[in-house]
Amino acid sequence: MNENVNSKFDSYISGDNTSVVSSSNESGKDTTNQQTDSSSSAQSTSKETYTVKGYTNSSPAFLSKDLNNQFMAFSKIPDKYYGKFTYSGDWNYSSAFQGPMLSYPESMWTSGDASATATYNPQISSYGKVRISAYIPSKETTLNKNIYYEVHHNGKIARIDLNSTNYLDEPSWFTLGTFDFCGNFDEYVVLKRIGSNGNVRASTICFEILNSAGDGTVWQNIFLGPAKNGNNGVEDKTMKTFIDLTNHKYSYEAYYIFQLSAINIEGNNFNPDKNITANDFCSWLNSLTGQKHNKSGATLTVGSAVDLLYNSIGASNKNLEWLESKSSDSFTFLKNIGVITNQEFLSSKSHVLTRAEACVLLKNFYVKFVSNGVDASKWKLSFHDEFSGGYNYDLWLCERGVPGHILSSRWLENGEVKDGKLRLLTKKEKVAAAPDRDWTTGSVYTNPKMFKQKYGYWEASIKINAAAGLNNAFWMIATNHSFEIDIVEGHYPNTVNTNLHAGGIQYSEKFISDYNLSADFHTYGLEWNENELIFYFDGKEISRKANVGAHSEVVPRFSTAVLNWAGKITDKADGCAMEVDWIRIYKQK
C-alpha cells in the first residue's frame, strides 16, 4: 500500500459492552479467581416473580475440596453475570445476613408465607456432571430450619432436605450433591420451605461444572443468587421478521444488515427486490461506518456503490499493510479485500442494485473491512497470514497427541489450508495412538523461531464448527504455563468466551452473539498491553480485564476440542471444521 492511500485508511469501531460472564479453560490448568465487593441495604419487595442475572466464576480447583475455606479466601468474583434467579411470594432483601457475593452481598428472607419459593436457573448448556452447593448465611434463632431444595435436572427431580443438623455455627456451604445435566438451559434448583413458622433465607447457590476427564476438577463455577442492584435480567431478544424475505435467496444478508441497526424499516415488508435509492444506500452505509456520504438518485448501480465503499475506505485511517495486492481502481481494490465476490449481479458495474443486493454488498464490506482493523497512525503490522497459499509447514506447527483434559486427540491430518482458509477438521474416528478417544481434532501454532510477540493487537476472522460439543479457540499460552489468554473460545451456535488465566486467577466472561457463529466469519480481537486486555467481537468491545501476570512473548494458536462443557457431542460434529480466513497481529508505533 502506498503512503498516500494508507494514510487515508479509521480506527475501529467500539461499542457498548454487552458481555455476560462465563469461561472455559481448554489448557486444563488449575487456576483460581479473586475479586472486590461492596454492600447493600435491606429493602422490602412486592409479591411478584422477579428475574435477575446470576454470577459466573471459573476455577478448576475452586470449591472442589473445602468449600468454606477456599471460598472465603477469595476477594474477587466477576461483577458481570449470566443466568436467572427468580422468586415468588413475599420476600424482603436483607444486608444483615449477607451472602458470599461481596459485590452483591444481600440475602433475601421471607416469614410466614408457606408458598414462597426461590428458583436458581444457571442456564447451563454443558452436558455432564454438575456439583451443586447452597450457601447458608445464618443460624438465627428465628430461622425455619426445615427447608428443602428441588434439583430439576436431565428430566428428573431430586429432593434434598435441610434441617437443624445441617446448620453450622458460622455461615457455611452445604453440598446438595452431583447431578447429571443434559444442557438444555432449563435445569434449575428451587428452594422451598416446610410450614409457615420462622424465617427462611435465600442466598447464593454454586453450580460447579465438572471436567470431561472425570478427575473431579472443575471447568466452570456459576454463582447465582439475589442481586438487588443487578436486576436487569437476561434479555430475551425477538428478531423482527419480514413476510417478503421468506425463502428469498438473500434473506440472510438482509437480516444481517438489519440486525446491525443499519436499516430502520416500519411494517412487515422489506421490499428486497425493489431498486435501492442512492440516498438509502448512503444512509445504510453511514450507519455501518459512522461516516457521512451523500448521493442522490432514484437508483444506484454496482459501479456507483463500489465507488462509495472505496471512498469510505479512503475516509478512514485503517492499517492495510496486510493487503497483498493493491490497486487504485475501486472495483479491483474491493475485489482484492474480498468485498466483491462471485455473486452474479456484481459482474456488471452498470447493474442497478436491489435492496437485497445492496445488503449483500454491505454485508461483505462490513465483514471484510468495517468489523476489523486498527488505526494506521497508532499500529504497524508485525505478522499476518491470509492463507492464500497452501499450508506452510515451516510456519504453522501442529500439536500431535492426546491431551488429558479433552475428549479428542489432535493430529497433523486434522489441519489443512483449502480455498484460502485454514481448516481444523473434526472427525469421528479412533486412531491407534489414542484408542480411548472416539474423536480427532486439530491444533496449530506458529513456530516461535519465526514469530512470537508480547502485547499488541491480535485479531482473526473465524467461522466456528456447526455442531455442539466442540470448543473453537484462538488463544496463546506462556511457555512456562504462567498465563493463558483466550481471545475466543466459541461454542455453537452463538457463545463467545473470553478468558485470562494467570497467577492462580481466572477472569472469564461470556458474550452471547445475535448471530449463528457457524454461518459466517466473524472477527475476534484483543488489545493487549501492560495494564489491561480489551476483547473485541466484530470490532466492538465485549470485555475488559486488568492484566494480571500476562507479560511475556507468546505465539498465536488455533485449536478445536471435543468437550462436555461445550454442549452434547453428536455425530453432527463428524466432518465439521473451524475455519480461519486470516490472522493479523500488530505492534504499537
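Residues numbered from 1 in each chain as written. Predicted model: local features only at pLDDT ≥ 70, side-chain atom pairs only at ≥ 80, totals over all residues. Heavy atoms only, no water.

Right, let's get into the packing of helix 5 (residues 302-315) against helix 7 (residues 355-370). Taken N-terminus to C-terminus, the directions of helix 5 and helix 7 make an angle of 20 degrees; their axes are 11 Å apart at the nearest point. The orientation of helix 5 with respect to helix 7, classified from their angle, is roughly parallel. Helix-helix and strand crossings are classified by hand; for helix 5 and helix 7 the assignment is right-handed. Residue-level contacts link Ala305, Leu309, Ser312 and Ile313 of helix 5 to Leu361, Leu362, Phe365 and Phe369 of helix 7. Split into classes, the residues belonging to the contact of helix 5 with helix 7 amount to 7 nonpolar, 1 polar and no charged. (Axes fitted to C-alpha atoms, helices over the stretch in contact; angles between N-to-C directions. Helix = DSSP H or I, 4+ residues; strand = E, 2+ residues; numbered from the N terminus. Parallel < 35°, antiparallel > 145°, perpendicular 65-115°, else oblique. Left-handed = near helix turned anticlockwise from the far one by under 90°. Contact = heavy atoms within 4.5 Å. Nonpolar A, V, L, I, M, F, W, Y, C, P; charged D, E, K, R; others polar.)

In this model, Tyr492 is joined to Pro493 through a cis peptide bond whose omega is 5 degrees. Phi at Asn247 takes a positive value of approximately 65 degrees, unusual for a residue other than glycine. In this fold, Asn247 is placed in the loop between strand 14 (218-224) and helix 3 (251-259). The class for Asn247 is exposed, based on a relative accessible area of 77%. The residue Ser261 is not glycine, and still its phi comes out positive at about 60 degrees. (Buried < 20%, exposed > 50% of the residue type's maximum accessible area, 1.4 Å probe, protein only.)

Moving on, we come to helix 5. For helix 5, spanning 14 residues, the distance from its first C-alpha to its last is 20 Å, which sits close to the expected 20 Å at 1.5 Å a residue. The element helix 5 is extensively covered by neighbouring structure, given that 10 of its 14 residues are classed as buried. Of all the positions in helix 5, only Val302, Gly303, Ala305, Val306, Leu308, Leu309, Tyr310, Ser312, Ile313 and Gly314 are classed as buried. (Expected span 1.5 Å × (residues − 1).)

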